[in-house]
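# Working through the structure, step by step
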Amino acid sequence: MNATNTMIPTGTEEHSNSCYTAWGVGIATLSSLSLLINIFHLVIIGKMKSLKDRPYKLILIHITLGDIGTALTLIPVYACLPILALTYRITGVQLMAFIVSCPLYTTHWIFVVASAEQYYRICRPFQYEASTLVKKLSLILISTWIINFCYVGLLVVFSWYVETEALHLKSAGEVAAYLSRYMPMIVAAVFFTLTIRELRKMRQTEMGDDQMQVYDAAVYVIIIYSIFSASAFLDLILTSIRIAGPAQVSFSPERLRNVAKSVYGILNTVIYGFRTKAYRQYIVRVFSRRDSE
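Let us look at the structure shown here. Since the model is a prediction, treat every value here as computed from it, not as a measurement. (Residues numbered from 1 in each chain as written. Predicted model: local features only at pLDDT ≥ 70, side-chain atom pairs only at ≥ 80, totals over all residues. Heavy atoms only, no water.)

## Some remarks on the pattern of salt bridges
Tallying each qualifying case throughout the model produces one salt bridge. The salt bridge involving Asp 216 is made with Arg 275; its shortest N-O contact spans 3.7 Å. One end of the pair, Asp 216, is in helix α11 (residues 209-244); the other, Arg 275, is in helix α12 (residues 253-275), with 59 residues separating them in the sequence. (Salt bridge = Lys/Arg side-chain N within 4 Å of Asp/Glu carboxyl O. Helix = DSSP H or I, 4+ residues; strand = E, 2+ residues; numbered from the N terminus.)

Below is the structure:
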């Protein structure tokens, strides 16, 4: 197995092994469903008045954009679109590795920003509005995409260099890829743990409507972070198995990992709708208006 395949998921092997199989159809369908649901979700949260001018809205938007990006990279792989094979023939594995990896790496860091924002909102409420994080939140989130865009590009170039010129550096590249994907989850876990402690204290007091909204927002982000972490942990285990030797399993671990990504993309929107009354009311109004027309 070459260095690029072990360091960064490329999708090209899955493309050739999953075309027109039950796995391929299933994951392409789940990814397409996740894409449609998240686009609809993005439109709804963009128009909800209850989220207007709230930093929390930016967090929701960027988490959703990460899920949309992930779905858009999985659909060509498992729907076996000719563009994937054509791109691979023209540019080689590097471009596909870049395209597939960017949303995955960025989402990890978006959760770090989300965890810090919730920590300040819950644990440091008097410092929240004045904090640099909140004032520059939009810029920070956009920078997260740009930085990861550049970082994954460098990682892909390094993968190519390792594969062609310096195979002895393969382990260093794998460590860098692992750290950049899973260390953010540990950092986010620290912030969320501190936030959970404060949330428990809040439950013991009577909360007004504003406090209840803040509480519900924090609980939602922690829930979807937990689901994403479970998916990331599965990713870690299956990637380790793949690096150790794919012959140890009877199927491609990448497939199960990508099922988890698509399911997560669907679950986080469903959970938000289930927990947020204003969200459900807005959807009802939209469809009621259409029926009346």
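Read on, since the account is not over.
## Here we look at empty space enclosed by the protein
The final tally for this structure, using the stated rule, is six cavities of 30 Å³ or more. By volume, the largest cavity is sized at about 170 Å³. If you go around the largest cavity, you meet 18 residues; those closest to its centre are Thr 70, Leu 104, Phe 228, Lys 261 and Tyr 264. Looking at the lining of the largest cavity, the elements that each hand over two or more residues are α3 (22-47), α4 (55-78), α6 (93-123), α11 and α12. The greatest single-element share of the lining of the largest cavity, amounting to five residues, is contributed by α12. When its residues are assigned to classes, the lining of the largest cavity shows six nonpolar, eight polar and four charged. (1 Å grid on protein atoms, 1.4 Å probe; cavity = no way out; pocket = protein on both sides within 12 Å on 5 of 7 lines; lining within 4 Å. Points joined across faces, edges and corners; volume = space filled by probe spheres on them. Nonpolar A, V, L, I, M, F, W, Y, C, P; charged D, E, K, R; others polar.)

## Description of the layout of surface pockets
Estimated volume of the largest pocket: approximately 350 Å³. Along the walls of the largest pocket sit 15 residues, with Gln 213, Asp 216, Arg 275, Thr 276 and Lys 277 positioned nearest its centre. Contributions of two or more residues to the lining of the largest pocket are made by α11, α12 and α13 (277-292). For the lining of the largest pocket, the element with the most residues is α11, which contributes six residues. A breakdown of the residues in the lining of the largest pocket according to their chemical character gives seven nonpolar, three polar and five charged.

## Focus: the packing of α3 against α4
It is the contact of α3 with α4, at a shortest axis distance of 8 Å, that shows an interaxial angle of 155°. Between α3 and α4, the angle falls in the class roughly antiparallel. α4 is crossed by α3, and the crossing has left-handed handedness. Here the contact of α3 with α4 is composed, by residue class, of 16 nonpolar, eight polar and two charged. (Axes fitted to C-alpha atoms, helices over the stretch in contact; angles between N-to-C directions. Parallel < 35°, antiparallel > 145°, perpendicular 65-115°, else oblique. Left-handed = near helix turned anticlockwise from the far one by under 90°.)

## Considerations on the side chain of Asn 268
Mapped onto the fold, Asn 268 is located in helix α12. Discounting chain neighbours no more than four positions away, the residues touching Asn 268 are Asn 38, Ile 63, Asp 67, Tyr 220 and Ile 224. (Contact = heavy atoms within 4.5 Å.)

## Focus: α4
End to end, α4 covers 36 Å across 24 residues, agreeing with the expected 34 Å (1.5 Å per residue, within 8%). For α4, the tally of buried residues reaches 20 of 24 residues, placing the bulk of the element in the interior. Of the residues one or two after α4, Cys 80 is the one with positive phi, at around 60°. (Expected span 1.5 Å × (residues − 1). Buried < 20%, exposed > 50% of the residue type's maximum accessible area, 1.4 Å probe, protein only.)

## Topic: the nonpolar core
Counting residues in hydrophobic clusters, the biggest one holds 44 residues, and the most contacted among them are Tyr 56, Leu 199, Tyr 220 and Tyr 272. Going through the elements one at a time, α3, α4, α6, α9 (137-164), α10 (170-203), α11, α12 and α13 are the ones with two or more residues in this core. Here the element with the most residues in this core is α11; it accounts for 11 residues. Ignoring any residue separated from it by four or fewer positions in sequence, one finds Leu 199 in contact with Ile 122, Tyr 215, Ala 218, Val 219 and Ile 222. Listed in part, the six residues of the second largest apolar core include Val 152, Leu 155, Val 156 and Ala 177. (Core = buried A, V, L, I, M, F, W, Y, C linked by side-chain atoms within 4.5 Å.)

## Considerations on unusual backbone geometry
A positive phi angle is found at Asp 53, which is not glycine, with a value near 65°. Note on placement: Asp 53 falls in the loop between α3 and α4. Assessed through its relative accessible area of 70%, Asp 53 is described here as exposed.

## As for the environment of Ile 222
Tracing the sequence through the fold places Ile 222 in helix α11. Along the chain, Ile 222 and Phe 192 lie 30 residues apart, while their C-alpha atoms are 6.8 Å from each other. If we skip the residues at most four places from it in the chain, Ile 222 touches Phe 192, Thr 195, Ile 196 and Leu 199.

## Quick word on α3
Residue pairs three or four apart in sequence face the same way in an α-helix, which turns once every 3.6 residues. Taking 1.5 Å of rise per residue, the 26 residues of α3 would be expected to cover 38 Å, and the 38 Å separating its terminal C-alpha atoms lies within 8% of that figure. Restricting attention to buried positions, one finds in α3 the residues Gly 24, Ile 27, Ala 28, Ser 31, Ser 34, Leu 35, Asn 38, His 41, Ile 44 and Ile 45.

## Quick notes on the packing of aromatic side chains
Applying the stated criterion across every chain yields a total of nine aromatic pairs. Relative to Phe 191, the ring of Tyr 119 lies with its centre 5.5 Å away and its plane at 55°, an arrangement referred to as tilted. A residue pair is termed long-range when its members are at least 10 positions apart, and Tyr 119 in helix α6 and Phe 191 in helix α10 qualify at 72 residues. Judged by relative accessible area, which is 14%, Tyr 119 ranks as buried. Aromatic rings pair up to connect Phe 111, Phe 192, Tyr 225, Phe 228 and Tyr 264 into one cluster. One Lys or Arg, Arg 121, reaches over the ring of Tyr 128 and ends 4.9 Å from the middle of that ring. (Phe/Tyr/Trp six-rings, centres within 6.5 Å; stacked < 30°, edge-to-face > 60°. Lys NZ or Arg CZ within 6 Å of the ring centre and 35° of its normal.)

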